[in-house]
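Read off the chains here:
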Amino acid sequence: MSAEIIIPGELDDSLDPTQHDVRPQRRRALTQGRGLVGLVLVGIVVVLGFAAPLLAPYSPNEQIPGANLLGPSSTHWLGTDEVNRDVFSRMVHGIRVDLLVVFLAVPLGAILGSLVGLVTSWWRITDVLTQRVFDVILAFPSLILAIALSAFLGPGLWTVVIVIVAAELPVFGRLVRTSLRTVREMPFVEAAEVVGAGPLWVLRRHVLPNSLEPLTIQLAVSMSVAVFIEGAMSFLGLGVRPPAASLGSLIRDGVRTMYDAPYFAVGPLLVVVALVLGLLLISQALAESRRA
Amino acid sequence: MARYLLKRLPSTLVVLLAASFLIFVMIRLVPGDPVTALAGPDATEEARAAIRADLGLDRPVLTQYVVWLGQVLTLDLGRSYRLGGQVSDLLATGAANTLVLTITALLLATAIALVASTVGVIADKKWLNAILSAINTVAVAVPTFVTGLVMVLLFAVLLPILPAGGTPPAGYLARIDITVQYLLLPAVCLALPASAALTRFLTESLRTQLRQPYVMTARALGIPRRRIVLTQALRNALPSALTVLGIQFGTLLGGAVLVEAIFSWPGLGRLIEQGISARDYPVVQVLLLLSVAVFVLTQLVTDVLHAALDPRVRLAGSTPGGK
């Protein structure tokens, strides 16, 4: 290659807005104010879930003789349920189900959706087709999609995972497509293409850095939605199958025994709120640092 | 506006058609045979065949789909397999109750949002805004099944002043006191997240309005801030708030499934739950299609209304430079 031709890698980075480093800002967003509160809330729940075998005084399905619907005490921190199981032990193990849903199902849907959005939007035909399919999926309110899919798949943990992947896939597909289109019309990308940058280079150098921020924010939002979907599905009896516990199924059990043991559901309720609120606060803090 | 509607209508119809086919096929694939459920395990093969033919289940799936679509379009929904009676009757009762609940919630949410956003913007105090914003975040974050449960726990179990839910007596709408008793908790529970979204949006657009030059002019003329907010700014902020309201209506109908399950409210959400556990194809199919249709059509209506109120939206697709 002769010296006169400018190869893309040698373009002056200071002119490229994508090279403007946003990382310090993001770090600040999560170490102060609501971002920090969110991080702490989610952190506590994650620790509870990961340390479940150490924290739980009983095994989650162990039936303790004589401990029927007991109130909170020093031996049973959150009381016992109608078949003599320790609610606290069930709760910390149930958190693991929600962590699986949040940190596995949502990223899976996000990665699949982003890939589909990225690949198909390059050609007009695949783009139009994919967007129509997304339209159809998005036409289902998430809970209705959950009901329809679980009628077909039967209740269970994997149904919850599939519902969340199916609900999040088009959300991320759309998002990636939109930022792809916006970025591709920017002058600096046109300039890069003029000097001979190929699609992969544009993708790696311009599209990805520019889509990363909205994607992270959406990821946090989707994670909080996932906790809601798991809770709602288990609450309606479409989630994990007994005797397994999840936060939603514990709340469902709590409702059944409400008149005998009114405080049964309080623990799982608080954890759900902490998780959803924490993730939402993180997403708000990220969005704010982006606007600033 | 008519042109905008014409432009949007075909793709909406295609989406609905595709969704209806998806629902139909999905429900067909549900494990468990409705014939066995209806005839019982001991039925003879002839009896089963007769039932199958009677329900049209012996024909190819595509034919069944076309027949079903024709029936839906002519509102001839047939008999329910298990829940008894005509599907249309079940649907009418459920829809009436769900509409009462959803509309009450929507009105409640709008009222809360109008008060919270105007008070916050007019007072313009840092501490008040911080409190309102914190309440708002919590209201968005706490799932409906959590608020519902906490309310039942507080107002029905620990402090028994309201019923924990259930079917109100027939003709309940004629008696205000009974209506309030049964409707208050579910409606508040359903309204809270919607009101939070609406408040956030209205506050934001009111603030944007207050930065406009006309507000400065009005202030210079000595018109008090309160009056500017309540008369001009609010009027200008309302059209886009309508869009948010429309989207909220769609999500409210989805949320109604949960709220109805918590409070045993005899609406469409409860019907769909019963239909699924009874494997009642005709009921579940129509309900799924109905919720998708309502969701998609509210989006269409709000977009069209938005276009009618804001010419920029209407013209966006037809400008030469537009893509």
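Residues numbered from 1 in each chain as written. Chains lettered and ligands numbered in written order. Predicted model: local features only at pLDDT ≥ 70, side-chain atom pairs only at ≥ 80, totals over all residues. Heavy atoms only, no water.

Undergrad: Whenever I open this one, the overall build of chain A confuses me. Can you help?
TA: When you go through chain A residue by residue, the secondary structure sums to 11 helices and 0 strands. Ordered by position from the N terminus, the helices and strands of chain A form the series α-α-α-α-α-α-α-α-α-α-α. Burial analysis of chain A (292 residues in total) assigns 51% to the buried set. The contacts in chain A between residues at least 6 apart in sequence include a share of 68% that link residues at least 24 apart. (Helix = DSSP H or I, 4+ residues; strand = E, 2+ residues; numbered from the N terminus. Buried < 20%, exposed > 50% of the residue type's maximum accessible area, 1.4 Å probe, protein only. Contact = heavy atoms within 4.5 Å.)

Undergrad: What am I meant to see in the side chain of Ser-291 of chain B here?
TA: All names here are of chain B. With respect to the secondary-structure elements, Ser-291 resides in helix H12 (residues 281-309). For Ser-291, a relative accessible area of 19% puts it in the buried group. Within the structure, Ser-291 has its side chain in polar contact with the backbone oxygen of Leu-288 (distance 2.9 Å). (Polar contact = N/O pair within 3.5 Å; in protein donor to acceptor, adjacent residues only side chain to side chain.)

Undergrad: Explain the UniProt feature "transmembrane region" (unreviewed entry) in chain A here, please?
TA: Residues and elements named next belong to chain A. Mapped onto this numbering, the UniProt entry annotates "transmembrane region" (unreviewed entry) at residues 36-56, 99-121, 133-152, 158-176, 215-241 and 261-282. A helix fraction of 96% and a strand fraction of 0% characterise residues 99-121, whose end C-alpha atoms lie 32 Å from each other. Here residues 133-152 is 85% helix and 0% strand, with 19 Å between the C-alpha atoms at its ends. (UniProt positions renumbered as here; feature names shortened; annotations may be inferred.)

Undergrad: Can you help me understand the packing of aromatic side chains in this one?
TA: Where two aromatic rings form a pair, the distance of their centres and the angle of their planes describe that pair. One pass over the structure, following the stated rule, counts 6 aromatic pairs over all chains. Here Phe-228 of chain A and Phe-145 of chain B contribute two aromatic rings whose centre-to-centre distance is 6.1 Å and whose plane-to-plane angle is 25 degrees, an arrangement assigned as stacked. You can see Phe-228 of chain A sitting in helix H9 (residues 199-235) and its partner Phe-145 of chain B sitting in helix H7 (residues 144-158), one on each of two chains. An aromatic cluster is present here, built from Phe-21, Phe-24, Tyr-65 and Trp-68 of chain B joined pairwise through their rings. (Phe/Tyr/Trp six-rings, centres within 6.5 Å; stacked < 30°, edge-to-face > 60°.)

Undergrad: Can you walk me through the interface of chain A and chain B in this structure?
TA: How big an interface is tends to be stated in terms of the accessible area lost upon association of its parts. Contacts between the two partners involve 36 residues from chain A, matched on the other side by 42 residues from chain B. Both sides of the chain A and chain B interface together cover about 3,500 Å² of buried area, and 86% of this is carbon and sulfur. Inspection of the chain A/chain B interface yields 0 salt bridges. On inspection of chain A and its partner chain B, the count reaches 0 residue pairs in polar contact (both at pLDDT 80 or more). (Buried area = accessible area lost by both parts, 1.4 Å probe. Salt bridge = Lys/Arg side-chain N within 4 Å of Asp/Glu carboxyl O.)

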